[in-house]
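Chain by chain, the residues:
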Amino acid sequence: MKTLLQLTAVSKSFGAVRALRNVSLDLRPGEVHALLGENGAGKSTLIRIITGAHAPDSGRLEIQGLPVRHFSPATAHSLGIACVYQQPALFPDLTVAENIALRLESVSAWRRVRWKSRRDLATSLLRRLGSDLSPDAEVRTLSMPAQQLVEIACALGAGARIVIMDEPTASLTRPEQERLQGIVRDLRADGVGVIYITHRLEEVFALADRVTVLRDGESVGTRRVHPLPRQRGVPDNFASVVGDPPVQDEAELIRLMVGREVSQLFPSADGTPGRVVLSLRGVSCAECGVRDVSLDVRAGEVVGLAGLMGAGRTELAGVLFGLSPADSGQILLDETPVTIRSPQEAVALGIAYVPEDRRRHGVILEMAMAHNMTLAIHRRLFPGTWLRLGAECDLALEFMRELAIKATGPDAPAGSLSGGNQQKVALARWLATRPRLLILDEPTQGVDVGAKSEIHRLIRRLADQGMAVLMISSDLPEILGMSDRIGVLRGGALQAMLPRNSEARTVMSAALGMSGAGEVAA
Amino acid sequence: MSTSGRTRAEAGAKAGRGRGLRFSREWTVTGALLLLLGFMAFTAPGFFEPQPLLSRLTAAAPRLVVTCGLVLVMLCRQIDISVGSLFAICSVAAGLLIAASVPFPLAVAAAVGLGALGGAVNGTLVAGLRLPSIVVTLATMVTGREALRLARQGVFVNLPDGVQWFGLSMVSGQLVVCGVALAVLTGLALALRFLSAGRWVYAAGSDAEAARLAGLHPRLTTLATFVLLGALTGVAAILNLVQSPQVDPASGRLLELEAIAAAVVGGVAVSGGRGSLWGVFAGFLLLTCISPALTHLGVKPYWDKAIQGGIILLAVVADGLGRRKGNR
C-alpha cells in the first residue's frame, strides 16, 4: 500500500468564496508532510475535509486506496484519522484518563466504567510518549504542552494511521517543541503518516519529509525536504517513487507562500538608541513571581525578552502595565519614579501593552475595527461630550493605510479580520495613544509569514521614530532578528542581558539556566 | 447609513459569527411590526383609534423604561431579574410618601433613589464580588418581593386626589407618561452611540478582560448599568403610579420577563455586547401590539401569550441558525 491518503483535485467553496481549488495531496506511511500557507490559504478547510467536517464540492478522497463517500467525522475516526488541534479540544473539568477514555471507549450509556483499566490505558499511552503525567490530573490544571500530549495520546490509543497536527508548537517553548518533534519522529518510525501544519520554516526543515504549500486555496507546489528516506520498516524506496523536486531553501518556501520575493526576513536597525525611557531597579512582585529585575529600555531600541514558558516574561509585562503591581524595587519612566497600580495608570503614563493571546484580549472581536482603535484615546480624540464618529472613521482609515490593514472598512468587526490584521488593529489602538513605551507580548504568534514581516518592519519603524519597545517572544529567530538587546528571563529573574547578534545557542542556554551564558547587565 | 450597514453585513458574513443577522435584526423586527400594523389597517381600522391606542401605549410605557435599563445591563453580559420586585417596592414607597402628603417631586426623587440603591446592591454584588448576576438578582428578587409582602400584607395604598395623571387631564397625563418613556429611550439610544460611556458598555459586555487591558473600567461600567437600571425602575414605578388611584403591592409581576422578551426579540444578545435600542423599541412595540390586535381580530385572548412566546422562540431560533450558518 503506497498511499495512506490521496486527495485529487479537491475544491470547496463557501458561498462566493472559493476556499480550495483543485488541491491534490498525498500522504505516505512513515512520512511527515508539512503543510505551509499564510492564514486564509485554505489549510483549515483542507484539514476539515480530511477529518470529515466538510464535504468537498468536487474532487476525490481516497483513504488507504479506497475511495470514500459520505464522509463524516465518525467515519474519519474509524478509518484511523486523528487530528491534534492547535488549541487542544479537551474537557477541562475531566481528568486525563477520562478525556482519553471519552475518545477511545465505545459509547454506551449503560456500560459500567472500569476505572482501573481506564487509568492503566492512559498511563501506558502517556508512557509511550515519554510523559509522566498523572492520569488523575484534571485537564484544566495542565499546561498547554501537556494538554497536547493528551491529544496525541488519544490519537495513539485510537491506533491512528493518519495524524494531523495543526500548529502544534505555536505556543510551545523551544525544549517543548523539541520533545514534540521527537514524538512526531517516533510516530513516523511506526509508519504513521503525519500532516504537519506550521508557520515555522525551521520546523519544516527539521521535521518534514515533504512540504506542500497552499496559497489562496490552491496548491502551489510540493517539495521534497530530505533527499533520502531514513525510515526503517517502510518498504517503499522514496527516492525512486517521489517525483517531487527538492526544496532549495527557506526563501523558496516563503516565495511560494507569499507569491513574491521577501527580500530579507528582518528589517535592520538604523540610528542609535537615545535616552533611557524605562528603567527597572530591582523590581519584584511576589504574587506573580517576578524577582529582582533590573533593566533599561532606551528610546529607539527594541529590547527582546526571551525565556521559557513560565519564565515570568508575561508576568513582568503585567507588572509594568499595572495588572499585578510591583511590591518592591523602583520603576523609572524618563528618570521619574512612578508607581503603576492599574492599567489605567499605565495608559496615563504612556505605556502601551499589546497582550499575548490576541484572539481573546488584544482586540474586542465583536466591536467595529474603528471602535477598537480609538478605545484608549477617547479623551484626546473627543474633547467634548459627544463622540465624533467622522473623526473616528478618519483616524481608522489613516491607520488602515499606514499599517496596511486589510478589511472591508472601518465598520468591519475586528473578528472578521485575519489574525495578522487583528494584531495590527491591536497595535493601532496603542499607537494611537502615542506611547513612550510599547510592550509587545508575542506580537506575531499565529500570524502568517507575510503579515509577520510587515509587523516586524512596523516595530522597527516605531523604534526608529523614537519609541522604546519591549518585545516578548518565544520565536527565537524573531528575538534574534529584531532585538537590539536581548534580556533572558528564567524563574522570574533576569538571567542574562545579551547584545545584538547573539547566537541562538547562547540565548537558549541562558533560558535553560546553563552557566557561561553571558553576563547580567547592571 | 445603508451603505455602512451593508458593509457591516458583508463583513459579518465573513466573520462567521452571524453578524449579518445582528444588523438585520432591527430591520426584520421593524418589518414584522409594520406588517402587523399594515394588516390591522386593512382588517381592523378600529385598532388605530387614538384613544384606546394611547391608553394601551401609556399602560405599557413603564415597561419600556425598565426594558431600556435592562438592555444596558444585558449589553454588559449581565441580567437582572429583580426589576419586578424593585418596581413594586418603589411603587409602594412612593405611594406611601405621597399618601403621607410628602410633595410629589420629593416622592419621585425617593422612588428613583430607592431604585438606584437597589440597583447598586445588585451591581456591587455582581461587579464587585464577581458573582453570577442571575443568582444575585434571583436572591434580591425573592427577598424584595417577600419583604414587601411581609410589610404590606397585600394592602393597597390609596393615593390622594390630584396625583392621578399628575393632576392633569387624562389625555395630557397619558401624553406626559408616553413622552417621558420616549425621552428615556431616545436619550439612552443617543448615549449608547455618541458617548464614550456607550462604548464602554459594549466593550465590557463583549470582552471584559480586553476592555480592562485597553485601560477601561469594565467592572465600574457594569455597576453603573445596574444603578441606572434601578433608577429607571424607580422612574417606571412613578409612571405606573400616576395611572391609577391605588398602588398594588403585587405590581410588577413578570415585568422582568416581559422586559427580557422585548430585548431578545429586538436583537439584544444574552451573551452581551450586541444589540441596539432601536431594535428593542421595535420588539417592544411588536409584543405590546399583539394583544390588542388579537382583540380587534376577535381571536380569543388566550392566544396572546402563546403568540408572544412564539415570537420570542422565533427570535432565539433565528439567532441560533444565524450563528450556525456563520460558523462555517
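Remember, it's a predicted structure, so these values are computed and weren't measured experimentally. (Residues numbered from 1 in each chain as written. Chains lettered and ligands numbered in written order. Predicted model: local features only at pLDDT ≥ 70, side-chain atom pairs only at ≥ 80, totals over all residues.)

Chemist: Even after reading the chapter, I still don't get the overall build of chain A, so can you show me in this structure?
Modeler: Assigned secondary structure in chain A consists of 19 helices and 20 strands. When the 522 residues of chain A are sorted by exposure, 50% land in the buried category. Taking the contacts inside chain A whose residues are at least 6 apart along the sequence as the reference set, 69% of them involve residues at least 24 apart. (Helix = DSSP H or I, 4+ residues; strand = E, 2+ residues; numbered from the N terminus. Buried ≥ 20, exposed ≤ 12 C-beta atoms within 10 Å, placed from the backbone. Contact = placed C-beta atoms within 7 Å.)

Chemist: Is there a simple way to think about the overall build of chain B in this case?
Modeler: A tally of regular secondary structure across chain B gives 13 helices and two strands. In terms of C-alpha radius of gyration, chain B reaches 20 Å, essentially the compact-globule figure of 20 Å for 328 residues. In chain B, buried positions account for 49% of the 328 residues. By sequence separation, contacts in chain B at least 24 residues apart represent 77% of the contacts at least 6 residues apart. (Rg over C-alpha atoms; globule rule 2.2 N^0.38 Å.)

Chemist: Explanation requested: the sheet that holds strand 20 (residues 493-499) of chain A in the structure shown.
Modeler: Hydrogen bonds between backbone groups are what pair the strands of a sheet, and the pairing can be parallel or antiparallel. Residues and elements named next belong to chain A. Taken together, six strands build an open sheet; the order of strands is 16-17-18-13-19-20 and the sheet is mixed. Here the strands that pair on one side only, and so sit at the sheet edges, are strand 16 (351-354) and strand 20. Neighbour-to-neighbour, the strand axes of the sheet open up by a mean angle of 20°, direction not taken into account. Strand direction decides the pairing type here: strand 13 (residues 302-307) and strand 19 (residues 485-490), joined by five bridges, are parallel. From the neighbouring strand, Leu-305 faces strand 19, where its bridge partner is Gly-487. Contacts from helix 17 (residues 449-464) reach strand 13, strand 17 (437-441) and strand 18 (468-472), with the element oriented near 150° to strand 18. (Pairing = 2+ DSSP bridges. Axes fitted to C-alpha atoms, helices over the stretch in contact; angles between N-to-C directions.)

Chemist: What's the story with unusual backbone geometry in this structure? I'm lost.
Modeler: Only a minority of non-glycine residues have a phi that is not negative, and only a minority of peptide bonds are not trans. Residues and elements named next belong to chain B. Notably, Arg-130 is not glycine yet its phi reads approximately 55°, a positive angle. Considering the arrangement of structural elements, one finds Arg-130 in the loop between helix 5 (104-128) and helix 6 (133-152). Of note, the phi angle at Phe-166 is positive, near 55°, even though the residue is not glycine. Checked against the element boundaries, Phe-166 lands in the loop between strand 1 (157-158) and helix 7 (170-194).

Chemist: Explanation requested: the interface of chain A and chain B in the structure shown.
Modeler: Interface size is commonly expressed as the accessible surface area that is lost when the partners come together. In this assembly, 28 residues from chain A lie in contact with 30 residues from chain B. No other element matches the three residues that helix 11 (residues 343-348) of chain A contributes to the side of chain A that touches chain B. In terms of residue class, the side of chain A that touches chain B is built from 16 nonpolar, nine polar and three charged. (Nonpolar A, V, L, I, M, F, W, Y, C, P; charged D, E, K, R; others polar.)

Chemist: What's the story with the sheet that holds strand 12 (residues 290-298) of chain A in this structure? I'm lost.
Modeler: All names here are of chain A. Taking strand neighbours across the sheet as the criterion, the four strands line up as 12-11-14-15 in an open arrangement whose pairing is antiparallel. Strands with a single pairing partner mark the edges of an open sheet, and in this sheet they are strand 12 and strand 15 (336-338). Here the average twist between neighbouring strands, direction ignored, is 20°. Where helix 10 (residues 313-320) meets the sheet, its contacts fall on strand 11 (276-285) and strand 12, and the angle it forms with strand 12 comes to roughly 70°.

Chemist: Just to check I follow, could you spell out helix 3 (residues 50-75) of chain B for this structure?
Modeler: Along an α-helix, residues three or four positions apart point the same way, because every turn accommodates 3.6 residues. All names here are of chain B. Under the 1.5 Å per step criterion, the end-to-end length of helix 3 is 35 Å for 26 residues, consistent within 8% with the ideal 38 Å. A maximum bend of about 40° is found in helix 3 at Ala-61, where proline Pro-62 lies one to four positions downstream. At the exit of helix 3 stands Arg-77, carrying a positive phi of roughly 65°. (Expected span 1.5 Å × (residues − 1). Bend = angle between axes of the 7 residues up to and from the residue.)

Chemist: Honestly, the pairing of strand 4 (residues 58-63) of chain A in this entry has me stumped. Any pointers?
Modeler: In regular strands, side chains alternate between the two faces of the sheet. All names here are of chain A. When strand 1 (residues 5-14) meets strand 4, the two strands line up antiparallel, connected through five bridges. Bridging from a neighbouring strand, Ser-11 pairs with Ser-58 of strand 4. The pairing of strand 4 with strand 5 (residues 66-67) spans two bridges and is antiparallel. The partner of Ile-63 across the bridge, within strand 5, is Leu-66.

Chemist: Looking at this model, I keep getting lost on the packing of helix 16 (residues 419-431) of chain A against helix 17 of chain A. Mind explaining?
Modeler: How two helices sit against one another is set out by the angle between their axes and by the gap between those axes. Residue and element names in this part refer to chain A. Here helix 16 crosses helix 17 at 20°, and the two axes come no closer than 9 Å. Considering the angle they form, helix 16 stands roughly parallel to helix 17. When you trace helix 16 past helix 17, the crossing you get is right-handed. Residue-level contacts link Gly-420, Gln-423, Lys-424 and Leu-427 of helix 16 to Ala-451, Ile-455 and Leu-458 of helix 17. Its residues assigned to classes, the contact of helix 16 with helix 17 shows four nonpolar, two polar and one charged. (Parallel < 35°, antiparallel > 145°, perpendicular 65-115°, else oblique. Left-handed = near helix turned anticlockwise from the far one by under 90°.)

Chemist: Hey, could you run me through the pairing of strand 6 (residues 81-84) of chain A in this one?
Modeler: Residues and elements named next belong to chain A. Alternating residues of strand 6 divide into Ile-81 and Cys-83 and Ala-82 and Val-84, and every residue in both groups is buried. Of the strand pairs in this sheet, strand 6 and strand 7 (residues 162-166) are connected by four bridges, and their pairing is parallel. Bridged to Ala-82 within strand 7 is Val-163.

Chemist: What is the right way to look at the packing of helix 3 (residues 96-104) of chain A against helix 4 (residues 115-128) of chain A in this model?
Modeler: All names here are of chain A. Running from amino to carboxyl end, helix 3 crosses helix 4 at an angle of 95°, the nearest separation of the two axes being 9 Å. In terms of their interaxial angle, helix 3 and helix 4 are classed as roughly perpendicular. Contacts between helix 3 and helix 4 involve Val-96, Ala-97, Ile-100 and Ala-101 on the former and, on the latter, Arg-118, Arg-119, Leu-121, Ala-122 and Leu-125.

Chemist: Which parts of the structure should I look at to understand the confidence of the model for chain B?
Modeler: When pLDDT is averaged along chain B, the result is 88; 91% of the residues meet or exceed 70. Between residues 1-22 of chain B, whose pLDDT stays under 50, and residues either more than four places distant or in other chains, the model counts 46 contacts. (pLDDT = per-residue confidence, 0-100.)

Chemist: Help me understand the environment of Leu168(B), please; the structure alone is not making it clear to me.
Modeler: Residues and elements named next belong to chain B. Along the chain, the position of Leu-168 falls in the loop between strand 1 and helix 7. Residue classification places Leu-168 among the partly exposed positions, given that 14 C-beta atoms sit within 10 Å. Contact partners of Leu-168, with chain neighbours within four places excluded, come to Gly-173 and Val-176.

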